[in-house]
Amino acid sequence: MASSRSPLRGRPWWPWLRRGATAVFFALVAALLASQVRTIEWGEVLSSLADYPLTAAWGAVALAAASFTLYSCFDLLGRHYTHHKLGASTVMLVTFTSYAFNLNLGSLVGGVAFRFRLYSRLGLKPGAITRIMSISMLANWMGYVLLAGLVFSLHPPTLPAGWPITAGHLRLAGLALLAAAAAYLGICAFTRRRHYELRGHTIELPSPRLAVLQLLMGAGNWLTMSGILYILLQHRIEFSAVASVLLLAAVAGVITHIPAGLGVLEAVFVALLSHLMPQAELLAALVAYRLIYYVVPLGIATAVYAVMEAHARKLARVARAVQPPQNARPVAR
């Protein structure tokens, strides 16, 4: 089996180049945040938030509930893929909990650590958990690739004057993303070899039907998230522009590894959309978005996690109580 290690990693200059590129990106983001923070009238932001219409907030809450419900179904694809026997409601609770922690604490803690702990306490083996997470993450990001390809290629946002990136650049990026989504579907549909070995793990390609579901469900969730922001912005910015900026902000948040993308989301939205809407009102909508889509689900997920942990400990105590001691001898007849 060929080694999965990249040949670049064996070169002494590669780690320094990667660290340098990361440092440059952090510096650019920090500069963007600093430049935007200095121009914001925070008193106006609080005033705009106090006057925010409840009708828009309740519509956003409904879409947030739909988004979390849809994302909670991602691991049901993994359930079908691995054929494990956990109930659908249990799987959805695990996915909901991990997603809420993922949004607020980062993918390593929420998306990986919480899934592993909860699924392992429910009796799943590490191999099955890894395959479930792989299918779920592929659904999320291949859906992102599909939606970003459509939005960027068909209706890229109007960028501020003087930016080095133009609508033409975004169209080319969108076409490349659409090609990547088509390539994924083609590999799943037409490749004869269905199993691959990677670092001692056997990887089985999803069926064409499962791959299509991944793309549709993932794109649907990103579309729903865009709808939340569109409602909170009170329909004052066209939907395609809101979706484009959210997709760009998501990539920026992943690259920076900042938990919850704190500050990154706001900086990208202000930088790209403040020429279409006053900054104070734009930031008020983003604060409402964080409360509805990050803070409230985190509180619910914390309560769900506490209940699941207590239930798991109770089951473990019962199992120990009914298990005979290891040194016990069978009674002679």
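Residues numbered from 1 in each chain as written. Predicted model: local features only at pLDDT ≥ 70, side-chain atom pairs only at ≥ 80, totals over all residues. Heavy atoms only, no water.

Thoughts on the overall build of the chain
Inference 1: Tallying secondary structure elements over the chain gives twelve helices and two strands in all.
Inference 2: Within the chain, buried positions represent 41% of all 333 residues.
Inference 3: Sequence separation of 24 or more characterises 70% of the internal contacts of the chain that already satisfy a separation of 6 or more.
Inference 4: For the chain, the exposed surface amounts to about 18,300 Å²; the carbon and sulfur share of it is 68%. (Helix = DSSP H or I, 4+ residues; strand = E, 2+ residues; numbered from the N terminus. Buried < 20%, exposed > 50% of the residue type's maximum accessible area, 1.4 Å probe, protein only. Contact = heavy atoms within 4.5 Å. Areas by Shrake-Rupley, 256 points an atom, 1.4 Å probe, with all protein chains shown as cover.)

Remarks on the pattern of salt bridges
Inference 1: Tallied over the entire structure, the rule returns four salt bridges.
Inference 2: A salt bridge links Glu-204 to Arg-131, with the shortest nitrogen-to-oxygen separation between them at 3.7 Å. Note that Glu-204 is positioned in strand 2 (residues 201–204) and Arg-131 in helix 7 (residues 126–154), a separation of 73 residues in sequence.
Inference 3: Take Arg-131: its relative accessible area is 29%, and that puts it in the partly exposed class. (Salt bridge = Lys/Arg side-chain N within 4 Å of Asp/Glu carboxyl O.)

Details of the environment of Gly-299
Inference 1: Assignment of secondary structure puts Gly-299 in helix 12 (residues 279–322).
Inference 2: In this structure the C-alpha to C-alpha distance between Gly-299 and Thr-97, which are 202 residues apart in sequence, comes to 9.9 Å.

Comments concerning the confidence of the model for the chain
Inference 1: Within the chain, residue pLDDT values average 80, and 72% of them lie at 70 or more.
Inference 2: No element of the chain has a lower mean pLDDT than helix 1 (residues 13–38), which averages 53, and none a higher one than helix 9 (residues 208–232), which averages 96.
Inference 3: Note on residues 1–9: pLDDT is under 50 here. Beyond four places in sequence and across chains, it has ten contacts.
Inference 4: In the model, residues 32–40 has pLDDT below 50 throughout and makes 13 contacts with residues more than four positions away in sequence or in other chains. (pLDDT = per-residue confidence, 0-100.)

Regarding the packing of helix 3 (residues 54–72) against helix 5 (residues 88–105)
Inference 1: The geometry of helix 3 relative to helix 5 is characterised by a closest axis approach of 8 Å and an angle of 120° between their N-to-C directions. The two elements helix 3 and helix 5 cross, and the hand of that crossing is right-handed. On the side of helix 3, the interface is formed by Phe-68, Thr-69, Tyr-71 and Ser-72, while helix 5 contributes Val-91, Met-92, Thr-95, Phe-96, Tyr-99, Ala-100 and Leu-103.
Inference 2: Class assignment for the residues of the contact of helix 3 with helix 5 results in eight nonpolar, three polar and no charged. (Axes fitted to C-alpha atoms, helices over the stretch in contact; angles between N-to-C directions. Left-handed = near helix turned anticlockwise from the far one by under 90°. Nonpolar A, V, L, I, M, F, W, Y, C, P; charged D, E, K, R; others polar.)

Focus on the packing of aromatic side chains
Inference 1: For the structure shown, the criterion picks out 16 aromatic pairs.
Inference 2: The interplanar angle of 5° and the centroid separation of 5.6 Å between the aromatic rings of Tyr-289 and Tyr-293 together place this pair among those described as stacked. Separated by four residues within a single helix, Tyr-289 and Tyr-293 lie in helix 12, roughly one turn from each other. Each member of the pair, Tyr-289 together with Tyr-293, is buried.
Inference 3: Following the ring pairs from residue to residue traces out a cluster consisting of Phe-68, Tyr-71, Phe-74, Phe-96, Tyr-99, Tyr-289, Tyr-293 and Tyr-294.
Inference 4: The ring centre of Tyr-294 lies 4.9 Å from the NZ or CZ of Arg-290, which sits over that ring. (Phe/Tyr/Trp six-rings, centres within 6.5 Å; stacked < 30°, edge-to-face > 60°. Lys NZ or Arg CZ within 6 Å of the ring centre and 35° of its normal.)

Re the side chain of Ser-153
Inference 1: One can find Ser-153 in helix 7.
Inference 2: For Ser-153, the side chain forms a polar contact with the main-chain oxygen of Leu-150, separated by 3.4 Å.
Inference 3: Excluding anything up to four places from it in sequence, Ser-153 contacts Ala-148, Leu-170, Arg-171, Gly-174, Leu-175 and Leu-178. (Polar contact = N/O pair within 3.5 Å; in protein donor to acceptor, adjacent residues only side chain to side chain.)

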